[in-house]
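One-letter residues, chain by chain:
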Amino acid sequence: MKLEDHRTRAGLARREKTRALLMKSALAVFAEKGPDLPVIEDFIAAAGVARGTFYNYFRTTGELLAALTGAMSDEVLAVVDAEVLKFDDPAVRICTGTRLYVGMACRYPIWGMFLARIGSRHAVRGKLLDTYLTRDIETGVQAKRFAVPNAVVVRDIILGSIFFGLETILTEPSIENHVEEMMYVVLHGIGLSKEEARAIAFMPLPETGTVFGPILSTLKETGIGRASI
């Protein structure tokens, strides 16, 4: 029985390792080609596996993309939201969460370029970023912390800032403190005074430390724009 259990565990470990390899390799493919152009041959070539191996895990490239975006969202937001929840003020929460999220994408630019190429439709809707950001905006609206009636409008403004801002940071010479300046404009726009909005946008960020997620932990931490794995 012990030998059988060992073989079962070993088989599951090999399966998870192969799945992780496919997803890590897919990250580079999607970052280069976007969500719609890649075909199965691109992924099996990147991972160095047979076509049959791919079909053991995913039926389509769309299914692979959904699995990858979900897994990456879970890994990143597990780190980011743990820091966000240390604050009570919803303005500080949404600002801290946004800055940490963009900072993580710059810390691992292959993931940042992946986000920029696939866009919010694939990366956000139904994922934790949408859930957590909406949670904190709704709290601020209900508490009259934000001078806006509609949390969805604020959510869309912030998500648009994240994805356009991230692409700017990774691909173009950007102004210093680009994400902080964006969040200053957002916070002031939803009702905070200029002084308070700037103070929150530029407040010191917590250190997130090493990321231990099964995909993110395998990526190299590189400088902005050097998207390698």
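Residues numbered from 1 in each chain as written. Predicted model: local features only at pLDDT ≥ 70, side-chain atom pairs only at ≥ 80, totals over all residues. Heavy atoms only, no water.

Colleague: Quick question: what am I supposed to make of the packing of helix H4 (residues 61-84) against helix H7 (residues 128-142) here?
Modeller: Geometrically, a packed helix pair is captured by the angle between its two axes and the distance between the axes. Where H4 contacts H7, the axes come no closer than 9 Å and their chain directions differ by 25°. Judged by the angle between their axes, H4 and H7 are roughly parallel. The residues of H7 that touch H4, namely those facing Ser73, Asp74, Leu77, Asp81 and Val84, are Leu128, Leu129, Tyr132, Arg135 and Asp136. (Axes fitted to C-alpha atoms, helices over the stretch in contact; angles between N-to-C directions. Helix = DSSP H or I, 4+ residues; strand = E, 2+ residues; numbered from the N terminus. Parallel < 35°, antiparallel > 145°, perpendicular 65-115°, else oblique. Contact = heavy atoms within 4.5 Å.)

Colleague: How should the packing of helix H5 (residues 90-107) against helix H8 (residues 151-171) be read in this particular structure?
Modeller: At their nearest, the axes of H5 and H8 sit 10 Å apart, and the two run at 30° to each other. Taken as axis vectors, H5 and H8 run roughly parallel relative to one another. Helix-helix and strand crossings are classified by hand; for H5 and H8 the assignment is right-handed. Contacts from Ile94, Thr98, Tyr101, Val102, Ala105 and Cys106 of H5 reach H8 at Ile158, Ile162, Leu166, Ile169 and Leu170. Looking at the contact of H5 with H8, its residues break down into 10 nonpolar, one polar and no charged. (Left-handed = near helix turned anticlockwise from the far one by under 90°. Nonpolar A, V, L, I, M, F, W, Y, C, P; charged D, E, K, R; others polar.)

Colleague: Sorry if this is basic, but what is going on with empty space enclosed by the protein here?
Modeller: To find the voids left in a structure, one rolls a probe of water-molecule size over its atoms. Scanning the entire structure with this criterion turns up two cavities of 30 Å³ or more. There is about 120 Å³ of room inside the largest cavity. Secondary-structure elements contributing two or more residues to the lining of the largest cavity are H4, H5 and H7. Residues of the lining of the largest cavity, tallied by class, amount to nine nonpolar, two polar and four charged. (1 Å grid on protein atoms, 1.4 Å probe; cavity = no way out; pocket = protein on both sides within 12 Å on 5 of 7 lines; lining within 4 Å. Points joined across faces, edges and corners; volume = space filled by probe spheres on them.)

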